[in-house]
Amino acid sequence: MLILQRKAGESLFIGDEIEVSVLSVEAGRVRLAIDAPKSVSILRSELKIAADTNREADEEVSPLTLLDVLRDAGGGQDGSGGITL
């Protein structure tokens, strides 16, 4: 891991096509601007973690299996307020 210090108004390059600029540093928050090709995916770390978790959960149980579980749990038109499948 490379650790750098930058001030507001300064930037750095990642390769030849990605520029990260520091727009401001205020009250413990840093505002960054990222200039990159549209083909480069840019996600906040918490969104990537959530996407990975969702993908793992999706791989573990198929939608058809979930439907079976809902049916077995009493989903239907029995007046219980359950899910009607």
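Residues numbered from 1 in each chain as written. Predicted model: local features only at pLDDT ≥ 70, side-chain atom pairs only at ≥ 80, totals over all residues. Heavy atoms only, no water.

A. Seen up close, the pairing of strand E3 (residues 29–35). The pairing of strand E2 (residues 18–26) with E3 spans seven bridges and is classified as antiparallel. The residue of E3 that forms the bridge with Val25 is Val30. Where E2 hands over to E3, the hairpin turn is made up of two residues, of which Ala27 adopts a positive phi near 50 degrees. (Pairing = 2+ DSSP bridges. Helix = DSSP H or I, 4+ residues; strand = E, 2+ residues; numbered from the N terminus.)

B. Region of interest: a nonpolar patch on the surface. A surface patch of nonpolar side chains, about 510 Å² in accessible area, is lined by Val25, Val30, Leu32, Ile34, Val40 and Ile42. Among the elements that take part in the nonpolar patch, E3 stands out by supplying three residues, more than any other. By the element assignment, Val30 lies in strand E3. (Patch = residues over 30% accessible without salt bridge, like charges linked within 9 Å, V, L, I, M, F, W, Y side chains within 5 Å. Areas by Shrake-Rupley, 256 points an atom, 1.4 Å probe, with all protein chains shown as cover. Salt bridge = Lys/Arg side-chain N within 4 Å of Asp/Glu carboxyl O.)

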